[in-house]
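Survey of secondary and tertiary structure
The primary structure of each chain is shown beneath.
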Number of protein chains: 2
Amino acid sequence: MMDALLRDVELSPFTGASCVVTGGLGFIGSNMSRALAAAGAAVTVVDAGVPQHGGDPRHLVDAAGPIDVVTADIADDAVARPVAGADFVFNIAGQVSHLASMEDPLRDLDLNARANLAFLETIRRVNPGVAIVHTSTRQVYGRPRYLPVDEAHPTEPVDVNGISKLAAEQAHLIYARTYGMRASVLRLTNVFGPRQRLRGDDSGFLPSFIRRALLDEPITLYGDGSQSRDCLYVDDVIAALAAAALCPDAPGEVFNLGNPDDLSLAEIARRLVSRCGTGSVVTVPWPPERARIDIGNYRGDASKAKAVLGWVPEVTFDDGLAATIAYYRQHLAWYV
Amino acid sequence: MMDALLRDVELSPFTGASCVVTGGLGFIGSNMSRALAAAGAAVTVVDAGVPQHGGDPRHLVDAAGPIDVVTADIADDAVARPVAGADFVFNIAGQVSHLASMEDPLRDLDLNARANLAFLETIRRVNPGVAIVHTSTRQVYGRPRYLPVDEAHPTEPVDVNGISKLAAEQAHLIYARTYGMRASVLRLTNVFGPRQRLRGDDSGFLPSFIRRALLDEPITLYGDGSQSRDCLYVDDVIAALAAAALCPDAPGEVFNLGNPDDLSLAEIARRLVSRCGTGSVVTVPWPPERARIDIGNYRGDASKAKAVLGWVPEVTFDDGLAATIAYYRQHLAWYV
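Just so you know, these numbers come straight off a predicted model, no measurement behind them.

1. Some points on the overall build of chain A
A count of helices and strands for chain A gives twelve helices and twelve strands. A compact globule built from 336 residues would reach a C-alpha radius of gyration of about 20 Å, and chain A, at 19 Å, matches this within 12%. Across the 336 residues that make up chain A, the buried fraction comes to 59%. Long-range pairs, those at least 24 residues apart, make up 81% of the contacts in chain A between residues at least 6 apart in sequence. Surface exposure of chain A reaches about 12,000 Å², of which carbon and sulfur atoms provide 50%. Averaging the positions of the 30 positive and the 40 negative side-chain charges in chain A gives two centres separated by 2 Å.

2. Digging into the relation of the copies chain A and chain B
Least-squares fitting of chain A to chain B yields an RMSD of 0.0 Å, with the superposition described by an axial translation of 0.0 Å and a rotation of 180°. Expressed as an axis order, the relation between the two copies is that of a two-fold axis. Looking at the rotation axis and the C-alpha trace of chain A, the residue lying nearest is A:Pro154, at 2.4 Å. Interface residue correspondence from chain A to chain B reaches 100%, placing this contact among same-surface, isologous pairings.

3. Points about the packing of helix α1 (residues 27–38) of chain B against helix α7 (residues 234–246) of chain B
All names here are of chain B. In contact at an axis separation of 10 Å, α1 and α7 are set at 65° when each is read in the N-to-C sense. Judged by the inter-axis angle, α1 sits roughly perpendicular to α7. The element α1 and its partner α7 pack so that their crossing is right-handed. Here Phe27, Ile28, Asn31, Met32 and Ala35 of α1 come into contact with α7, specifically with Val234, Val237, Ile238, Leu241 and Ala242. Residues of the contact of α1 with α7, tallied by class, amount to nine nonpolar, one polar and no charged.

4. Details of the interface of chain A and chain B
Taken together, the contacts link 31 residues of chain A with 31 residues of chain B. Summed over both partners, the interface of chain A with chain B buries about 2,800 Å², with 64% contributed by carbon and sulfur atoms. It is A:Leu106, A:Arg114 and A:Ile174 that lose the most area in chain A upon contact with chain B, and together they represent 19% of the buried surface on that side. The closest approach of N and O atoms between B:Arg114 and A:Asp110, which form a salt bridge, is 2.7 Å. For the pair chain A and chain B, the interface holds five residue pairs in polar contact (both at pLDDT 80 or more). Each residue belonging to the side of chain A that touches chain B can be placed in one class, and the counts come to 19 nonpolar, three polar and nine charged.

5. Side note on the pattern of salt bridges
All chains considered together, the criterion is met by 26 salt bridges over all chains. When the shortest N-O distance is used, the salt bridge between B:Asp318 and B:Arg271 registers 3.2 Å. In this pair, B:Asp318 is assigned in helix α11 (residues 317–335) and B:Arg271 in helix α8 (residues 265–276), connecting sequence segments 47 residues apart. Shared partners join several salt bridges into a network, and the residues in it are A:Glu267, A:Arg270, A:Arg271 and A:Asp318.

6. Observations concerning the packing of aromatic side chains
The description of two aromatic rings rests on the distance between their centres and on the angle between their planes. Taken as a whole and judged by the stated rule, the model has 24 aromatic pairs over all chains. The interplanar angle of 40° and the centroid separation of 6.3 Å between the aromatic rings of B:Trp334 and B:Tyr335 together place this pair among those described as tilted. An aromatic cluster is defined as three or more aromatic residues linked by ring pairs; in this entry it consists of A:Tyr327, A:Tyr328, A:Trp334 and A:Tyr335. The aromatic ring of A:Phe255 is capped on one face by A:Lys304, whose charged end is 5.0 Å from the ring centroid. The ring of B:Tyr298 has B:Arg138 lying over it, and the distance from NZ or CZ to the ring centre is 5.0 Å.

7. A word on the environment of A:Val69
Residue and element names in this part refer to chain A. As for its position among the elements, Val69 is in strand β3 (residues 67–71). Assessed through its relative accessible area of 41%, Val69 is described here as partly exposed. C-alpha of Val69 to C-alpha of Asn31: the two residues are 38 residues apart in sequence and 14 Å apart in space. Leave out the neighbours within four places in its chain, and Val69 touches Leu25, Val45 and Leu60.

8. Looking at unusual backbone geometry
Residues and elements named next belong to chain A. Between Leu147 and the following residue, Pro148, the backbone shows a cis peptide bond with an omega angle of -10°. Within the element layout of this structure, Pro148 appears in the loop between β5 (131–137) and α5 (160–179). Positive phi outside glycine occurs at Asp216, with the angle close to 60°.

9. Regarding the sheet that holds β5(A)
Residues and elements named next belong to chain A. Taken in spatial order, the seven strands make up an open sheet running β3-β2-β1-β4-β5-β6-β10, and their pairing is parallel. Strand pairing shows two members of the sheet lacking a second neighbour, β3 and β10 (254–257), which therefore form its edges. Strand after strand, the sheet turns through a mean of 20° between neighbouring axes, direction not considered. Relative to strand β6 (residues 182–188), β5 runs parallel, the two sharing seven bridges.

10. What about the sheet that holds strand β10 (residues 254–257) of chain B?
Residue and element names in this part refer to chain B. Read from one edge of the open sheet, seven strands run β3-β2-β1-β4-β5-β6-β10, paired in parallel fashion. Edge positions in the sheet fall to β3 (67–71) and β10, since each of these pairs with one other strand and no more. Looking at each pair of strands side by side, their axes are set apart by 20° on average, direction ignored. The pairing of strand β6 (residues 182–188) with β10 spans four bridges and is classified as parallel. From the neighbouring strand, Leu186 faces β10, where its bridge partner is Phe255.

Rules used in this analysis
Residues numbered from 1 in each chain as written. Chains lettered and ligands numbered in written order. Predicted model: local features only at pLDDT ≥ 70, side-chain atom pairs only at ≥ 80, totals over all residues. Heavy atoms only, no water. Helix = DSSP H or I, 4+ residues; strand = E, 2+ residues; numbered from the N terminus. Rg over C-alpha atoms; globule rule 2.2 N^0.38 Å. Buried < 20%, exposed > 50% of the residue type's maximum accessible area, 1.4 Å probe, protein only. Contact = heavy atoms within 4.5 Å. Areas by Shrake-Rupley, 256 points an atom, 1.4 Å probe, with all protein chains shown as cover. Lys, Arg positive; Asp, Glu negative; His and termini not counted. Charge placed at Lys NZ, Arg CZ, Asp CG, Glu CD. Least-squares fit on C-alpha atoms with pLDDT ≥ 70 in both. Axes fitted to C-alpha atoms, helices over the stretch in contact; angles between N-to-C directions. Parallel < 35°, antiparallel > 145°, perpendicular 65-115°, else oblique. Left-handed = near helix turned anticlockwise from the far one by under 90°. Nonpolar A, V, L, I, M, F, W, Y, C, P; charged D, E, K, R; others polar. Buried area = accessible area lost by both parts, 1.4 Å probe. Salt bridge = Lys/Arg side-chain N within 4 Å of Asp/Glu carboxyl O. Polar contact = N/O pair within 3.5 Å; in protein donor to acceptor, adjacent residues only side chain to side chain. Phe/Tyr/Trp six-rings, centres within 6.5 Å; stacked < 30°, edge-to-face > 60°. Lys NZ or Arg CZ within 6 Å of the ring centre and 35° of its normal. Pairing = 2+ DSSP bridges.

Here it is in structure tokens:
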């Protein structure tokens, strides 16, 4: 498996460095772990191995360098040892299902908010000087009051997952500001790419659309599919994670990772079906239970990430889509 | 013990109604419970009886009507029975110590965020149509970016207690918007009055100032004490709780309870010492650990509560102070 990225990312500062990646068997975590290993970092993945969260040991197969895996929840004491020797912690673990968070809200709070608070307490105890980058989500904003959404936009989660993720990111910021810990937060928009969990329809629209196109099934759009979203290819997220970990001005700060090139859901589905040559698009009226938690159009303002981290998204939707489809065509049985 | 309020509050709609008051042995909860009992409501208090949270069975002594007490955390199954038969739930329970939340962040998250989520799940199961009013705090805003602070001001907690309280209030709003539950949220500013816990210096400045004045001890101001705060006498909060419970437009909404008559900490201390005839005021440089979590000046904008609930604060600081001091003079041994 070649791990060439679709964009330039400055990873040489991580050569020889000790990096912990939580959620490193999952989508973004495994891609980050592989990129770091390819750059010559000593990578330790911490992952609870919850299948519904997208973790899969096969995500690390044929990585360009060795990757240690510690099977543990970030709330466990077992994380103390790898964290104690780390130069960088990429804290990506989390439950991302919005529907699951409403079906079992206490579990969502435990997995996201409580576990991250426990993890921060562990880091504060064993390695308070380590650089930490935590991935949050644009879901914390809720229904946008204006576009593009900048970091000063009010946060108003529309589901329990949004509450838990907001609590987790705020904990990172408070630990940075109160204890001088070097933690920063990235609020991701819709990310896609290889190694994303495609099963189920409860982890965002992109994996669901991709699975249906690949399996030659219809992609269902609610209403006319005109709601717009900004999408990010995972290599752009890797670039932001690296930049935030290295930037001396990042700790205590939160950064939107958005993309000015937003697309309607209908256009995303159309391009996906066109590129796959399989699948189709159907429109249905809004189911009431989905309409209640929909947020309308969304586009994030990433000016702060550009100004402070020097980060801009570089991978076009079409280039990302081509690489994504090629990957899943090769490994489809793992994902459907 | 006479329970006459220092302002008019329309409580007749609660006559004969079944009311659950969580945290009903504590400061605001016990005052609300007594007011409801005096109005002829059937009141059931749910209180975990954690002494550090200010709960004290003596707070209900000589109430004007009978009050049942269920000793339970709001996360316990034991709350299902009283909640099932309730017409109104005043959900006031919570841990309020900012310093304790930093010393034991997981406990704070459990007591505030997790317990409220469990409580909402119980209500959804046994009595989803009940009116619920939840008390949150202006602490969720963090350091004000502008004054007065309205409900659209960004939320940026400065400690774990702020995270937990924000999660709890967002859960109420999400349950209202998603399931049609009749839950509303009040963000309180600094409240004072009878039956507030005075021990310790970790539950806000007012109880600490009041205790020191009563015990003829010096009140310590950081810096020059020029930071301003808006204070609310507890009877004004009772009026808002009642109004929110009865207002058909309150569910799913959050309301600031602020006071346009803000005062500097130095002026508050001066008036307190003057009225008590005991105590003194000293100024010291800011301790770094306090400066880090201080929020500067604060004044809340309660225009929305006025427009929607018809609520305005009516009790002057001096009238509230006189009643407060008279109460503590009578019961000082319970509080110091």
